[in-house]
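Below are the chains, spelled out letter by letter.
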Amino acid sequence: MTATKPALARRWSAGVQRPLVEAGEIVHLLGRVLWLAIRHPFGYWGEVRDLMFETLRRCWLPVIISTTALGFAGPGMQGGSLYSVLGIPDRLGSFLLMASVREFAPWIDAMIVAGVMGTAIAADLGARRIREEIDAMQVLGVDPVRTLVLPRIIAVTLMTGLLEVFALVCGVIGGYIAAVPIFGATGAAFIGNFWSNATTTDMWGSIVKTLAFGLILSVVCCYKGLNAQGGPIGVGRAVNQAVVISFASIWIFNYVYTSALLGLNPDMQVFK
């Protein structure tokens, strides 16, 4: 019994240290990518364009369907049922601003991009790692971070922010479908109530949040792909870990960001 205690202690210590080490390495990769992008911002924009188009091609339809459905079923139906009981279905526009613009649209957008493009990036880089392509690039003097990682991070970050426009519009449309045809709200009153409560901070805050989501998930997925080990099974494991870590990181960042945004702009919490 006593012989197993040191082994258990070492295992527990390694379990605690490993996430911290990986977090530090992810931050280091982010810093290196930012330095490379600022130091010499040329030579990779063609690949960035192609990756942005690929992201748009794969993600635009899932984003539209998901945000419309969630805007209809979540704040639309659930919020509409409550507002209808109170006799104020026309006020549902202000609830859509809080639920869809500030939270659901950025969150759904980031989840879809992470699930579609994040997994593709992690799998691609992981396959290159186990085939020793990345090692060969380093032997030839080619920086794999600048060549492979930087274009992917820029493309995914920018497209996550641009897809947010689809998410915002479709989320509000889903809530409108629930409010007007189903709960009998007036269309003009719904739209007027939405814009009377919407602020510039709501709009740019949602876009900035989504850009940060895209940066986080792209860096995490690139890191896990670059450090894949153990053959094809290791690549699958890296992809799974990349998605899980991306989701958890996005949720943590969302809590901190939203708390700071509302704290610095208390007028956003007052509904007219």
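Cut-offs used in this document
- Residues numbered from 1 in each chain as written.
- Predicted model: local features only at pLDDT ≥ 70, side-chain atom pairs only at ≥ 80, totals over all residues.
- Heavy atoms only, no water.
- Helix = DSSP H or I, 4+ residues; strand = E, 2+ residues; numbered from the N terminus.
- Buried < 20%, exposed > 50% of the residue type's maximum accessible area, 1.4 Å probe, protein only.
- Contact = heavy atoms within 4.5 Å.
- Areas by Shrake-Rupley, 256 points an atom, 1.4 Å probe, with all protein chains shown as cover.
- Lys, Arg positive; Asp, Glu negative; His and termini not counted.
- Charge placed at Lys NZ, Arg CZ, Asp CG, Glu CD.
- 1 Å grid on protein atoms, 1.4 Å probe; cavity = no way out; pocket = protein on both sides within 12 Å on 5 of 7 lines; lining within 4 Å.
- Points joined across faces, edges and corners; volume = space filled by probe spheres on them.
- Nonpolar A, V, L, I, M, F, W, Y, C, P; charged D, E, K, R; others polar.
- Patch = residues over 30% accessible without salt bridge, like charges linked within 9 Å, V, L, I, M, F, W, Y side chains within 5 Å.
- Salt bridge = Lys/Arg side-chain N within 4 Å of Asp/Glu carboxyl O.
- Axes fitted to C-alpha atoms, helices over the stretch in contact; angles between N-to-C directions.
- Parallel < 35°, antiparallel > 145°, perpendicular 65-115°, else oblique.
- Left-handed = near helix turned anticlockwise from the far one by under 90°.
- Core = buried A, V, L, I, M, F, W, Y, C linked by side-chain atoms within 4.5 Å.
- Polar contact = N/O pair within 3.5 Å; in protein donor to acceptor, adjacent residues only side chain to side chain.

Per an unreviewed UniProt entry, the chain is named ABC transporter permease, and its organism is Amycolatopsis mongoliensis.

(A) How the structure looks around the overall build of the chain. A count of helices and strands for the chain gives eight helices and zero strands. When the helices and strands of the chain are read in sequence order from the N terminus, they spell out α-α-α-α-α-α-α-α. Referenced to the eigenvectors of the C-alpha coordinate spread, the extents of the chain come out at roughly 65 × 60 × 35 Å. Expressed as a percentage of its 272 residues, the buried residues of the chain come to 43%. Summarising the internal contacts of the chain: among those between residues at least 6 apart in sequence, 84% fall at separations of at least 24. With the model as given, the accessible surface of the chain reaches about 13800 Å², and the carbon-plus-sulfur share is 70%. With 20 positive and 16 negative side-chain charges, the chain shows a separation of 7 Å between the mean positions of the two kinds.

(B) Here's a closer look at the layout of surface pockets. Of the voids in this model, the largest pocket is the one considered here, and its volume is about 340 Å³. For the largest pocket, the lining is made up of 15 residues, of which Ile26, Val27, Ile216, Val220 and Ser249 are closest to its centre. When contributions to the lining of the largest pocket are tallied by element, the ones reaching two or more residues are helix 1 (4-39), helix 7 (200-226) and helix 8 (231-264). Ranked by residues supplied to the lining of the largest pocket, first place goes to helix 1 with six residues. Residues belonging to the lining of the largest pocket are distributed by class as follows: 13 nonpolar, one polar and one charged. Empty space within the second largest pocket amounts to approximately 270 Å³. In terms of lining, the second largest pocket is formed by Arg18, Glu22, Glu25, Tyr223, Lys224, Asn227, Ala228, Gln229, Gly234, Arg237, Ala238 and Gln241. Contributing elements (two or more residues each) for the lining of the second largest pocket: helix 1, helix 7 and helix 8. In terms of residue count, helix 8 provides more of the lining of the second largest pocket than any other element does, four residues in total.

(C) Region of the structure containing a nonpolar patch on the surface. A surface patch of nonpolar side chains, amounting to about 630 Å² of accessible area, comprises Val165, Val169, Ile173, Tyr176, Ile177, Ile191 and Trp195. Residue assignment for the nonpolar patch shows that the elements contributing at least two residues are helix 5 (144-182) and helix 6 (187-197). With five residues, helix 5 is the largest single contributor of residues to the nonpolar patch. You can see Ile173 is positioned in helix 5.

(D) Just the packing of helix 2 (residues 45-85) against helix 5, in detail. Running from N to C, helix 2 and helix 5 point in directions that differ by 25°, and their axes come no closer than 6 Å. Comparing the axis directions of helix 2 and helix 5 gives the class roughly parallel. Taken as a pair, helix 2 and helix 5 cross one another with a handedness that is right-handed. Tallied by class, residues from the contact of helix 2 with helix 5 come to 24 nonpolar, nine polar and two charged.

(E) Region of interest: the nonpolar core. Counting 62 residues, the largest nonpolar core has Leu29, Val33, Val113, Leu125, Val149, Leu150 and Leu217 as its most contacted members. Of all the secondary structure elements, the ones that give two or more residues to this core are helix 1, helix 2, helix 3 (92-130), helix 4 (133-139), helix 5, helix 6, helix 7 and helix 8. Ranked by the residues each element gives to this core, the list is headed by helix 3, at 15 residues. With sequence-adjacent residues up to four places away left out, Leu217 is seen in contact with Ala110, Val113, Ala114, Val156, Ser246 and Ile250.

(F) Molecular detail of the packing of helix 5 against helix 7. The interhelical angle for the contact between helix 5 and helix 7, taken along N-to-C directions, is 145°, at an axis separation of 8 Å. The handedness of the crossing between helix 5 and helix 7 comes out as right-handed. Side by side, helix 5 and helix 7 meet where Val149, Arg152, Ile153, Val156, Thr157, Leu158, Thr160, Gly161, Glu164 and Leu168 of the first sit next to Ser206, Ile207, Thr210, Leu211, Gly214, Leu215, Leu217, Ser218, Val219, Cys222 and Leu226 of the second. Its residues placed into classes, the contact of helix 5 with helix 7 shows 12 nonpolar, seven polar and two charged.

(G) Highlighting the environment of Ala136. Inspection of the secondary structure assignment puts Ala136 in helix 4. Between the C-alpha atoms of Ala136 and Val244, which are 108 residues apart in sequence, the distance is 30 Å.

(H) Local environment of the side chain of Thr157. Mapped onto the elements of the fold, Thr157 is located in helix 5. A polar side-chain atom of Thr157 sits 2.7 Å from the main-chain carbonyl oxygen of Ile153.

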